[in-house]
Each structure stands twice: as structure tokens, then as C-alpha cells.
Amino acid sequence: QKEVEQDPGPLSVPEGAIVSLNCTYSNSAFQYFMWYRQYSRKGPELLMYTYSSGNKEDGRFTAQVDKSSKYISLFIRDSQPSDSATYLCAITNNAGNMLTFGGGTRLMVKP
Amino acid sequence: DAEITQSPRHKITETGRQVTLACHQTWNHNNMFWYRQDLGHGLRLIHYSYGVQDTNKGEVSDGYSVSRSNTEDLPLTLESAASSQTSVYFCASSASGRPADTQYFGPGTRLTVL
């Protein structure tokens, strides 16, 4: 079993839809939760990170963490074609800066 | 503006050859990382460095080596390239070892081993 699981998709939605992207993880030592966005043939870039359980909002993006279920989510409101990318969750513990990545979910937002 | 660059962007080589991928960052970051990205596996850590002369093995280090002689560069060497090492390679850097420190990624090198 992988430490971090993510549905690869692709997930196809119409413009304006609310998108939900999810990851599950197995190691309860993980404390920091990140979402990276990766456009085609580019390197990943950090979208959001959160430390605790609960919600964190940044514009159209909301990151949600449920440590009791070992489940993290990224919600995108009013999705735009420019949101079309692969979204990677990444998780780390307190021991340093090493990230464990999920496999990524490919999102396509159609005009 | 500070940045992280990788070269070459594309490389085709033959089985058994030694290959070196370059990574250069101008952030003056202490931490540097090498990942490979394959379909179905996401990003997997190959090697990382927390400073000059420091190198550590990651999850998939067999067949790869790194050396860190200065802050800016962390070259990745494939000692004897194998077809299983066909992948997209990403270099990243971060300022410190704090868990929440952002890792900044380079544009990637697409390596094909024939």
C-alpha cells in the first residue's frame, strides 16, 4: 500500500463547477499537508499548505484536512479552464523537509 | 529574479552510458532535491542534500548518485543508464529543513534510455 493514495483521474468538469480532489494517507505521523499544481510539461508549484485539521481558504481554493480519517481534500470553486492541470497532494512529518507525494489527479475544465 | 534551472531539458541516451543531469538554483537555498516522475507513481525522491558536502539517499536511489560542492548546484549522475530510468526528472530546492518550507521545482528533464 502506498503511503499517499490519490485517484489519477482524469476528472473532467464544465467551467464554473465545484471541483473536489482528494487524497488518503496511511501514516499518522504526517503533520503537514500541501497541494501542488502541475501544468503540462512544467514543474509542480505550491498552491496551498496546511498544518492542522480543518479548512484553509485562499481565493477560490479551499484545503481541508481530516486527521482522524487520514483524508485531505482540495476544493476549487468556480473552476476555470486555466485550472486544467494535474494536482498533487504532498505530505510530510515533523522530521524535515522531505515530501511524500500522491500520484496526482489530472483535472480538465471544459469551457 | 531567483530561479531554478535544469539542463538539458531533453536527453536521449543508450543503455550503459553515464549521464549527468544539471540543476542550478539562484535562491541560495540550503536544501536541494532530485525526484523522478512516472505515470502511476507520482514524484519519488531520489537523493537530497541539506547543504554543501551533505547528500542523502531517497526512496529510489539505486543507480543514481549526487554530489554537492557548492550551494547552487546538485548534479544527478546515472552511473550506467538503464531503460527503467526513462523518466522525467525534477530538481527542487527549499530554504531550510522546516517541514512547511516551500519546495521550488525546476522545469524538468525528460530522459529517454534506449
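Cut-offs and rules
- Residues numbered from 1 in each chain as written.
- Chains lettered and ligands numbered in written order.
- Predicted model: local features only at pLDDT ≥ 70, side-chain atom pairs only at ≥ 80, totals over all residues.
- Heavy atoms only, no water.
- Contact = heavy atoms within 4.5 Å.
- Buried area = accessible area lost by both parts, 1.4 Å probe.
- Salt bridge = Lys/Arg side-chain N within 4 Å of Asp/Glu carboxyl O.
- Polar contact = N/O pair within 3.5 Å; in protein donor to acceptor, adjacent residues only side chain to side chain.
- Helix = DSSP H or I, 4+ residues; strand = E, 2+ residues; numbered from the N terminus.
- Nonpolar A, V, L, I, M, F, W, Y, C, P; charged D, E, K, R; others polar.
- Pairing = 2+ DSSP bridges.
- Axes fitted to C-alpha atoms, helices over the stretch in contact; angles between N-to-C directions.
- Core = buried A, V, L, I, M, F, W, Y, C linked by side-chain atoms within 4.5 Å.
- Buried < 20%, exposed > 50% of the residue type's maximum accessible area, 1.4 Å probe, protein only.

## Brief notes about the interface of chain A and chain B
Okay, step 1: Counting residues at the interface gives 22 residues for chain A and 26 residues for chain B.
Okay, step 2: Carbon and sulfur atoms make up 54% of the area that chain A and chain B hide from each other, which totals about 1700 Å².
Okay, step 3: Linking chain A with chain B are zero salt bridges, by the criterion used here.
Okay, step 4: Our count for the contact surface shared by chain A and chain B stands at two residue pairs in polar contact (both at pLDDT 80 or more).
Okay, step 5: Mapped onto the side of chain A that touches chain B, the elements with two or more residues apiece are β4 (32-38), β5 (45-50) and β9 (85-92) of chain A.
Okay, step 6: In terms of residue class, the side of chain A that touches chain B is built from ten nonpolar, nine polar and three charged.

## Considering the sheet that holds strand β8 (residues 76-78) of chain B
Residue and element names in this part refer to chain B.
Okay, step 1: Read from one edge of the open sheet, four strands run β1-β3-β8-β7, paired in antiparallel fashion. The open sheet has two edge strands with one neighbour each: β1 (4-7) and β7 (64-66). Going from strand to strand, the sheet's axes swing by 20° on average, the running direction of each strand aside.
Okay, step 2: When strand β3 (residues 19-25) meets β8, the two strands line up antiparallel, connected through three bridges. Bridging from a neighbouring strand, L21 pairs with L76 of β8.

## Considering the nonpolar core
What tends to happen in soluble globular proteins is that the nonpolar side chains get buried as a cluster.
Okay, step 1: Ranked by internal contacts, the top residues of the largest apolar core, which has 24 residues, are W35, I72, L74 and Y87 of chain A.
Okay, step 2: If you list the elements that add at least two residues to this core, you get β3 (19-25), β4, β5, β7 (61-66), β8 (71-76), β9 and β11 (105-110) of chain A.
Okay, step 3: Grouped together as the second largest cluster of nonpolar side chains are 18 residues, L21, I46, L74 and V113 of chain B included.

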